[in-house]
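Descriptive structure summary
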Amino acid sequence: MSYLKPKFRHPNLPTNALGYTVADYEGSISTLCAGCGHDSISSAIINACFQSSLEPHKIAKLSGIGCSSKMPTYFLGKSHGFNSVHGRMPSVATGASLANRGLTYIGISGDGDTASIGMGQFVHLIRRNVNMTYIVANNGCYGLTKGQDSATADLGSVSKYGAVNPFDGIDLASLAMLQGAGFVGRSFSGDKEQLEPLIRAAMSHQGFAFIDVVSPCVTFNNHQGSTKSYAETRENLDAMPLDFVPMREEITTQYDPGTTQGVTLHDGSVIHLHKASHEYRTNDRTAALNAVQMATQEGRILTGLLFLDPNSQNLNQNLNIASKPLNELGKNELCPGSRVLNSINEGLR
Amino acid sequence: MKQIAGINDFVVKFANVNGTGSASANHLFAKSIFRMGIPVSPRNIFPSNIQGLPTWYEVRVSSKGYLGRRGGVDLMVCVNPQSMEKDVASVEPGGYFLFDNTKPLAPHLKRDDITYFGVPLTQMCMREYDTPRLQQLLKNVVYVGVLAALLDIEFPILKNLLNDQFKGKEKLISSNVHALEMGYQYATENFQCPLPIRLESGGNVAPHILESEHILMNGNTAVALGAIYGGATVAAWYPITPSTSVVDAFAKYAERMRIDPGTGKKNFAIVQAEDELAAIGMVIGAGWNGARAFTATSGPGLSLMSEFLGLAYFAELPAVLIDVQRSGPSTGMPTRSQQSDILAAAYASHGDTKHVLLFPATPRECFDMTVQAFDLAEQLQTPIIMMSDLDLGMNDWMSPPLEWDDDYQMQRGKVLDADGLEEAKDWGRYVDVDGDGICYRTLPGAHPDRGSYFTRGSSKNERAIYSESGDDYVQNVDRLVRKFETAKSYVPAPKTHPPIKVKKPKTKLNLGAVFFGTSASPAYEAVETLAEMGYGIDTMRIRAFPFHESLDQFIADHDRVFVIEQNRDGQMRQLIMNECQIAPSQLTSVLNYSGTPITARSIVRQILEALEAKSADVVSLHPETA
Ligand SMILES: Cc1ncc(C[n+]2csc(CCOP(=O)(O)OP(=O)(O)O)c2C)c(N)n1
Ligand code: SF4
Ligand SMILES: [Mg+2]
């Protein structure tokens, strides 16, 4: 922090525990279509990081390719970002996280980027439990290439050009749960009351945290007949509200006994799930999968924290990698020197 | 019949069935010759199969220290009935054929210009050992015993090697020694030992070889050690022959040398990725974050990595890729050697891309160049591709010992840390402050409010702000050309040798030969042979791309230059033509792409053919030199 220069701030702008204002978490002006769901996700990320008082420069944001993957430009301007290649952000994030375990990683992807070209890397990212938050801005189509169906488009959804989708959609949240993800949530870009605490909780989770966010594409998939339009999503939303209380912060809200379920994350933060809206415990993977399945069958979109295992072991832990970030190791730690090499030579004679 | 004769100069080839344990016996044979101080180069020629198919092991012994393949076989050791017909036919006239005569030799396999040695290997082992496994394994050791008598291998050396190999397992040692003795005794009782071809410690071996303390190691192990010493901390890979043993060896050494003594935790990470796309993605992600990272692969993997290589080129991220080349696609000949990824690597990916390539020719160079690759990747902020091949990577090579300078400092290139960012007046990620095309990088997390930027391909301006302006694009990619020019002075320069004196020159032409990697050893041998025949040829061994200026000069200085390489299309010749403005007629290809490493004899033959065919119509542009 020693490099932080005091600078003039509007006296009325609220600051967080680090003294940052929300402006310190903003990025460049968005160039996405006005009304695009993705912009709401960007602002939810901005608010989430501001409220959780994360140091912006200690966050690294990575993405693949698509309108959604452009998002990192529009939030966290003080953070380094990496717009990688289509569907391959998971591998870049894996390497980055191995190289420096000291940063907080946030990955932004689209439904095309994740569920089609990037499906292989996505599944393996979950399997390895890379310590990051992975958000899919799910609009059921390829926005950037002008509206083709994506693999998450629901069966029977009608495209802008009138074609009826004949395939079952891939449900990324169920897939993530099946594959063993330790944190799985779903939300709607238009529901910031739920999305913001969900992102805050995900960023506190020490392991792979996945959030599938329905994020309507106003240009190509917001018409009648589309199952991922604003209207259709609002209509069918079955939202499970939650609050997030970060570690070291006092719980100030009073909940009526029996109305909430508290889940403590590894870093001491607490998620309060409002019990009225869910019937299963989030630590039960099978129950969570069932609940999602039931909702889908009834045409409802179940959103909220779907599943959580606060104790899952991430990649760096599983590989028993040194606590000091690998990118900080120097010659002394890495290079065995000439004496060792001479004895290796000796063994080769 | 005139038998082939000579001390410390011959080729022995073993014909085995794979999966029968022959490899370690054959290795024992080769290593014993090495321990006698005689230059030796063993080569495994194996199928893409785990058990049951023919496999060969060729051992070249050369007092002059020629380590490439010579061509031809003087002594064939055949324990595989499947391939016997072909094996008999491959022996040089006057040569020798050792075989298992438990079953009598078929009459049509009888040649009258070679000498046969029948040893009842199967029968002896059936009699001596009771389990089928032992019978199979020790059969191989018995023929090594026979060879010890026939070729005069020092018996104590063999015993010592077995002691080293089976340290502490007394029973194994004694059964192996017994098998050796059984073969040795059979040979001395039944054959005239030693043969006219034989070994002699010291003998006629060139003094400079006798004096140096050579080691015997394969290139992949040397690369792995280079990665350890070069400070690599992240390795991501997907298994593919012949590169697999690079990461295997890295893992082995890292487990020994990279465990934090205080915590027992690892100062490295190895990930077996889901495919090569992911492997290179991980390397690039780690490099972006400032760790030294590498992957190892072969042709098919290189193809899969090509999109990411383009991104890394344009986004200017360090990465080290070891390409251990093999023949063609997955159903090409995956266990056969070639140098056939040259163009695919040099121009890998979309758009205008060019990559820095390194061409090691010995294990020692594999080690040195791997260390250097990590420096170059960070100095030049770009992927560095090291072009090894199966022959170098997987076979044991006699090599000068690996050397390490304890004063070595990692060259991390132009990276601004927090202090640097404070000092830098007006930082921009892609501003060419120094005019060498290399700009100042920053790493994530370095400074609270300076130096952050969004890494992406080429739609950006000098300050890494999104831009689709044509001017910005052109400025950026032109700077990358400048950087590639700068790279010429960073990469290893080519090697030349003083010209060989030719007594009675048969040509007025000024001849040159250019080669690289595993083509070098047989090329040097061929050049010496040709000199004796009256053709003086100057040589240049290329060690890196972009090419050094001296390559242009070398080609300009010669009437005709042979480009010796191991692929069908003369890929290095094409790359030179493309990059050096050379007229195609100046460069003549000398090729081998059969999957087995090129031989000195084949190079000699091709050069003679080319000269006889064309020498009449080439006008010498240069004064005679001889
Ligand atoms: C290898 C490759 N193939 C195709 C493309 C073209 N492409 C760019 S974005 C995109 C689809 C993006 O869809 P999605 O991830 O859903 O993002 P959205 O634009 O909908 O937010 C495609 C196919 C590409 N960039 N790279
Ligand atoms: S095309 Fe669709 S996804 Fe892309 S920016 Fe516009 S609204 Fe958003
Ligand atoms: Mg989409």
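One structure accompanies this document, and this report is about it. (Residues numbered from 1 in each chain as written. Chains lettered and ligands numbered in written order. Predicted model: local features only at pLDDT ≥ 70, side-chain atom pairs only at ≥ 80, totals over all residues. Heavy atoms only, no water.)

**What to know about the overall build of chain B**
Scanning chain B for helices and strands turns up 20 helices and 25 strands. The C-alpha radius of gyration computed for chain B amounts to 27 Å, which stays within 12% of the reference 25 Å derived for 626 residues, consistent with globular compactness. With respect to the three principal axes, the spread of C-alpha positions in chain B is 85 × 70 × 45 Å. Sorting the 626 residues of chain B into buried and exposed places 62% on the buried side. Contacts spanning at least 24 positions in sequence make up 76% of the contacts within chain B whose residues lie at least 6 apart. For chain B, the exposed surface amounts to about 23700 Å²; the carbon and sulfur share of it is 51%. In chain B, the 58 positive side-chain charges and the 72 negative ones have mean positions that sit 5 Å from each other. (Helix = DSSP H or I, 4+ residues; strand = E, 2+ residues; numbered from the N terminus. Rg over C-alpha atoms; globule rule 2.2 N^0.38 Å. Buried < 20%, exposed > 50% of the residue type's maximum accessible area, 1.4 Å probe, protein only. Contact = heavy atoms within 4.5 Å. Areas by Shrake-Rupley, 256 points an atom, 1.4 Å probe, with all protein chains shown as cover. Lys, Arg positive; Asp, Glu negative; His and termini not counted. Charge placed at Lys NZ, Arg CZ, Asp CG, Glu CD.)

**Details of the overall build of chain A**
Looking only at helices and strands, one finds 12 helices and 13 strands in chain A. Taking 2.2 N^0.38 as the reference for a compact globule, 349 residues should give roughly 20 Å; the C-alpha atoms of chain A span a radius of gyration of 21 Å, in line with that estimate. When each of the 349 residues of chain A is scored for burial, the buried share is 55%. Sequence-distant contacts, at least 24 apart, represent 70% of the contacts inside chain A between residues at least 6 apart. With the model as given, the accessible surface of chain A reaches about 14200 Å², and the carbon-plus-sulfur share is 52%.

**Looking at the sheet that holds strand E1 (residues 59-63) of chain A**
Pairing is mixed across the open sheet formed by 9 strands, whose spatial order is E9(A)-E13(A)-E7(A)-E8(A)-E4(A)-E3(A)-E1(A)-E2(A)-E19(B). The open sheet has two edge strands with one neighbour each: strand E9 (237-239) of chain A together with strand E19 (454-455) of chain B. Against the sheet, helix H3 (residues 89-99) of chain A engages E1, strand E2 (80-83), strand E3 (104-110) and strand E4 (132-138) of chain A, with an angle of about 175 degrees to E3 of chain A. (Pairing = 2+ DSSP bridges. Axes fitted to C-alpha atoms, helices over the stretch in contact; angles between N-to-C directions.)

**Some thoughts on the coordination of the magnesium ion (ligand 3)**
Between any two of four tetrahedral donors, the ideal angle at the metal is 109.5 degrees; between two of six octahedral donors, it is 90 or 180 degrees. Residues and elements named next belong to chain A. The coordination sphere of the magnesium ion (ligand 3), as far as protein atoms go, consists of Asp111 (OD), Asn139 (OD1) and Cys141 (O), spread over 2.0 to 2.2 Å. Relative accessible area serves as the criterion here: at 2%, Asp111 is assigned to the buried category. Relative accessible area serves as the criterion here: at 3%, Cys141 is assigned to the buried category. (Donors = N, O, S within 2.8 Å, 3.2 Å for Na, K, Ca; no water.)

**Observations concerning helix H3 (residues 121-128) of chain B**
Along an α-helix, residues three or four apart share an orientation, since each turn contains 3.6 residues. Residue and element names in this part refer to chain B. Considered for burial, the residues of H3 that qualify are Leu121, Met124 and Cys125. The buried residues of H3 all sit within an arc of 95 degrees when viewed along its axis, so they share a single face. Facing away from the buried surface of H3 by more than 90 degrees, the exposed residues are Met126 and Arg127. Residues of H3 that are buried in the fold lie against strand E6 (91-100), strand E7 (115-119), helix H4 (132-151) and helix H6 (170-190). (Arc of directions from axis to C-beta.)

**A look at the interface of chain A and chain B**
Contact residues are listed per partner, giving 62 residues for chain A and 72 residues for chain B. Note on chain A versus chain B: buried area summed over both sides is about 5500 Å², and carbon and sulfur give 60% of it. Along the contact surface separating chain A from chain B lie 1 salt bridge. Glu274 of chain B is the salt-bridge partner of Arg128 of chain A, the closest N and O atoms lying 2.8 Å from each other. Our enumeration of links across chain A and chain B arrives at 28 residue pairs in polar contact (both at pLDDT 80 or more). Considering only residue class, the side of chain A that touches chain B consists of 26 nonpolar, 26 polar and 10 charged. Judged from the 2 bridges that link them, E2 of chain A and E19 of chain B form a sheet pairing that is parallel. Note that in E19 of chain B the partner of Phe82 of chain A across the bridge is Thr455 of chain B. (Buried area = accessible area lost by both parts, 1.4 Å probe. Salt bridge = Lys/Arg side-chain N within 4 Å of Asp/Glu carboxyl O. Polar contact = N/O pair within 3.5 Å; in protein donor to acceptor, adjacent residues only side chain to side chain. Nonpolar A, V, L, I, M, F, W, Y, C, P; charged D, E, K, R; others polar.)

**Remarks on the packing of aromatic side chains**
Tallied over the full model, the rule gives 32 aromatic pairs over all chains. Centre to centre, the rings of Tyr186 of chain B and Phe191 of chain B are 6.0 Å apart; their planes meet at 65 degrees, and the pair counts as edge-to-face. Residue class for Phe191 of chain B comes out buried when judged on its relative accessible area of 15%. Grouped by ring-pair contacts, the aromatic residues Phe122, Tyr134, Phe208 and Phe210 of chain A constitute a single cluster. Taking NZ or CZ as reference, Lys110 of chain B lies 4.2 Å from the ring centre of Tyr116 of chain B, over its face. Against the face of Tyr253 of chain B rests Lys252 of chain B, its NZ or CZ located 4.8 Å from the ring centre. (Phe/Tyr/Trp six-rings, centres within 6.5 Å; stacked < 30°, edge-to-face > 60°. Lys NZ or Arg CZ within 6 Å of the ring centre and 35° of its normal.)

**As for the site of ligand 2**
Taken together, Leu32, Cys33, Cys36, His38, Cys67, Asn139, Cys217, Val218, Thr219 and Phe220 of chain A make up the full set of residues near ligand 2. Tallied by class, the residues present in the shell around ligand 2 amount to 7 nonpolar, 3 polar and no charged. (Near = heavy atom within 4 Å.)

**Observations regarding the site of ligand 1**
Every one of the 18 residues lining ligand 1 counts as a neighbour, but Ser68, Asp111, Gly112, Asp113 and Gly143 of chain A are closest to it. At the site occupied by ligand 1, nearby residues are drawn from chains A and B. In the environment of ligand 1, an oxygen atom lies 2.7 Å from a nitrogen or oxygen atom belonging to the backbone of Asp113 of chain A. Taken by itself ligand 1 offers 590 Å² of open surface, and the protein chains cover 77% of this. Mapped onto the shell around ligand 1, the elements with two or more residues apiece are helix H2 (67-70), helix H4 (111-115) and strand E5 (141-142) of chain A. Of all the elements, H4 of chain A adds the most residues to the shell around ligand 1, at 3 residues. Tallied by class, residues from the shell around ligand 1 come to 6 nonpolar, 9 polar and 3 charged.

**Here's the deal with unusual backbone geometry**
For the bond from Cys193 of chain B to Pro194 of chain B, the omega torsion is -10 degrees, close enough to zero to count as cis. Within the secondary structure, Pro194 of chain B sits in the loop between H6 and strand E8 (197-198). Residue Leu76 of chain A is not a glycine yet carries a positive backbone phi of 45 degrees. Mapping Leu76 of chain A onto the fold places it in the loop between H2 and E2. With relative accessibility at 0%, the residue Leu76 of chain A sits in the buried group. The phi torsion at Ala464 of chain B lies on the positive side, around 65 degrees, for a residue other than glycine. Along the chain, the position of Ala464 of chain B falls in the loop between E19 and helix H16 (470-490).

**Concerning helix H9 (residues 244-257) of chain B**
When the terminal C-alpha atoms of H9 of chain B are compared, their 20 Å separation across 14 residues agrees well with the 20 Å that a helix rising 1.5 Å per residue should span. Those residues of H9 of chain B that sit buried are Thr244, Val246, Val247, Ala249, Phe250, Tyr253, Ala254 and Met257 of chain B. (Expected span 1.5 Å × (residues − 1).)

**Concerning the pattern of salt bridges**
Residues and elements named next belong to chain B. Summed over all chains, the structure comprises 38 salt bridges over all chains. Among the ionic pairs, Asp113 bridges to Arg111, the shortest N-O distance being 2.8 Å. Under the relative-accessibility criterion, Asp113 is labelled partly exposed at 26%. Here Arg292 and Asp375 are joined by a salt bridge, their closest N and O atoms 2.7 Å apart. Here the residue Arg292 occupies a position in the loop between helix H10 (276-288) and strand E12 (293-297), and Asp375 occupies one in helix H13 (residues 363-380), the gap between them amounting to 83 residues. Here the salt bridges do not stand alone but share partners, grouping Arg292, Asp375, Glu378 and Arg412 into one network.

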